[in-house]
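# Results of the structural survey
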Amino acid sequence: METYNFKDKVYLEKCFNAEDAFNFIDKILDNYELPKNKNARIVLKPNLNNDINALAGNSTDLRVITSVIRALQKRGYYDITIADGPNCGIDHVGIDVFKRLRIDKIAEVFNVKYINLNKCEYEIVDLETGKAKIGKPVLDNELLINLPKVKTHIEVGMTICMKNFVGCYQALDKRNIHDSLVKNIVRMNEIKKPDLNIVDGLIAMEGNGPAAGTPKKLNLILIGKNSFTVDLLCTKLFGFDLDYVPYLKLALEKGHFDKEDLNYLENVTEITKLKRAKENIFAKIFLENFFIRLRYNKLVDPLFKKGPLPMFFTLLGVRQDRYDYNDDTIFRLYLREGSKSKKCEEFCPIGLKTPEDKKCINCLYCFMTDRNIKHNGNLGFLKGQMRRYGKYLRKL
Ligand code: SF4
């Protein structure tokens, strides 16, 4: 384990499966003051911005989510809610991200709740771009644990702890946030700070993140209280600098970290260089809010849901999301006759040894990484994800 001695310490550990993740998180939780009241409302805020499987580098890995739940339940906490607001596009077209990422199954297995922050009670707060609705569970709790993913980001360099809070805001307010994204990222983290960040760096996303990059296996988890410090550390660990992450530059100007932190950062050793997102002039133009608002105009909206227009924007690299309206209907996974698989040992979030186990929740982590695992039922939207990411997933 590595400990980074900023004013607020950050811990990093290599984790190779769900048990490693649990052991690390369980151990480090002892360093933090948790609520005295065992009935405390606890909210976990993962990154569930899209329906793309965590092993493709997009959403928070279920191995991290289940490990946090187990470590909390071991300490007697049972009022736990998984909360996030998927991006406004996917919500708008009616795709259930919680179901597709099997958050609903995790909630069932561990007897916790889950909530879509786009569609719950809210409070109004002041962002740089005016009033915005923040999901009430984010403010109304006794312990808020941020569970972000390590990803590159085409607009702001990288998205880890601080940027993950965009998901706390409701539907189209997320778009308004992009009117002044850099300032709003800092502002959001001034309005509400998590009590803890547990960062999923098991499979990161590099290249054209946050949704069109490629997965990179890092097998890392980081834990720290201060989102500003954890993000600052990650710039060095993953080969970026402050100039590449404008919201951290602004955070420095506003005094959220200081010279002492920067001096300490000098001595931190880089772990890897994540590939940066490619500059895309079309993305710059069409992600301007003028066009985004036009896109959500009632008359124009149907043209963007299906057909040649979304395809055209995908080809230009402007549209990262690809929506497939067909849910999967997979009801059984099994090993090809005479074959064995070690993928469950590494990837299963609930510690199963084989997908033939009755407790399997069909998260498909073993299936997507091993050709010897077959399925009954229709792949639905996953067919597209396998086409897009299969070659990377099979090498994990
Ligand atoms: S056995 Fe495979 S599909 Fe089933 S829960 Fe584990 S990793 Fe997911």
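All values reported here derive from a predicted model rather than from experimental measurement. By convention here, each chain's residues receive numbers from 1 onward along its written sequence. Predicted model: local features are reported for residues with pLDDT of at least 70 only, side-chain atom pairs are reported and counted for 80 or more only, and whole-chain, interface and lining totals are derived from all residues.

### Things to note about the site of the ligand
Formally: Using the backbone to place each C-beta atom, any residue with that atom within 6 Å of a molecule or strand is considered near it. Numbering of helices and strands runs from the N terminus, with a helix taken as a DSSP run of H or I at least four residues long and a strand as a DSSP run of E at least two residues long. Residues were grouped as follows: Ala, Val, Leu, Ile, Met, Phe, Trp, Tyr, Cys and Pro as nonpolar; Asp, Glu, Lys and Arg as charged; and all remaining residues, including Gly, as polar.
In the neighbourhood of the ligand, 15 residues make up the surrounding shell, with C348, P355, C360, C363 and C366 lying closest. Of all the secondary structure elements, the ones that give two or more residues to the shell around the ligand are α16 (343-347) and α17 (365-369). When residues of the shell around the ligand are assigned to their parent elements, the largest contribution, three residues, is made by α17. Taken together, the residues of the shell around the ligand sort by class into 14 nonpolar, one polar and no charged.

### Remarks on the pairing of strand β4 (residues 80-84)
The condition is simple: Between the buried cut of 20 or more and the exposed cut of 12 or fewer other C-beta atoms within 10 Å of a residue's own C-beta lies the partly exposed class, and all C-beta atoms are placed from the backbone. Criterion used throughout: strands pair if DSSP finds at least two bridges between them.
Burial analysis of β4 places four of its five residues in the buried class, the great majority of the element. Sheet analysis places strand β3 (residues 42-46) next to β4, joined by three bridges and oriented parallel. For V43, the partnering residue across the bridge sits in β4 and is T81. Pairing of β4 with strand β5 (residues 113-116), which is carried by four bridges, proceeds in the parallel orientation. Across the sheet, residue D84 finds its bridge partner in β5, namely N116.

### Digging into the environment of N197
What counts is decided by this rule: The contact criterion used here is simple: two residues whose C-beta atoms, placed from the backbone, lie within 7 Å are in contact.
By the secondary structure assignment, N197 is in strand β11 (residues 196-206). Residue contacts for N197: discarding those within four places in its chain leaves N146, P148, C161, I223, G224, S227 and V230.

### What about helix α9 (residues 227-237)?
Across the 11 residues of α9, 10 count as buried, placing the element largely inside the fold. Among the residues making up α9, those that are buried are S227, F228, T229, V230, D231, L232, L233, C234, T235 and L237. Two residues or fewer past α9, G239 is found with a positive phi of approximately 80°.

### Considering the packing of helix α8 (residues 181-191) against helix α10 (residues 246-253)
Packed helix pairs are specified by the crossing angle of their axes together with the interaxial distance, meaning the distance between the axes. Selection criterion: Lines fitted to the C-alpha atoms define the axes, with helices restricted to the stretch that makes contact. Angles between their N-to-C directions range from 0 to 180 degrees. Roughly parallel means an angle under 35 degrees; roughly antiparallel means over 145; roughly perpendicular covers 65 to 115; every other angle is labelled oblique. By definition, turning the near helix anticlockwise from the far helix through less than a right angle yields a left-handed crossing, and turning it clockwise yields a right-handed one.
Closest axis-to-axis distance for the α8/α10 pair is 9 Å, and the angle between their directions is 55°. One finds that α8 runs oblique with respect to α10. The hand of the α8/α10 crossing is right-handed. Between α8 and α10, the contacting residues are V182, K183, I185 and V186 on the first element and P246, Y247, L250 and A251 on the second. Considering only residue class, the contact of α8 with α10 consists of seven nonpolar, no polar and one charged.

### Details of the environment of T152
Take T152: it is sitting in strand β9 (residues 149-153). As for T152 and F238, which are separated by 86 residues in sequence, their C-alpha atoms are 9.8 Å apart. If near-sequence neighbours (up to four positions away) are discounted, T152 is found in contact with M158, M205, E206, G207, G209, G213, L274, R276 and A277.

### Thoughts on the environment of V268
Relative to the helices and strands, V268 is located in the loop between α11 (259-266) and α12 (281-286). By the C-beta count within 10 Å, which is 16 here, V268 ends up partly exposed. Considered as a pair, V268 and K236 are 32 residues apart in the sequence and their alpha carbons are 6.9 Å apart. Once residues lying within four places of it in the same chain are set aside, the contact partners of V268 are Y4, L233, K236 and L237.

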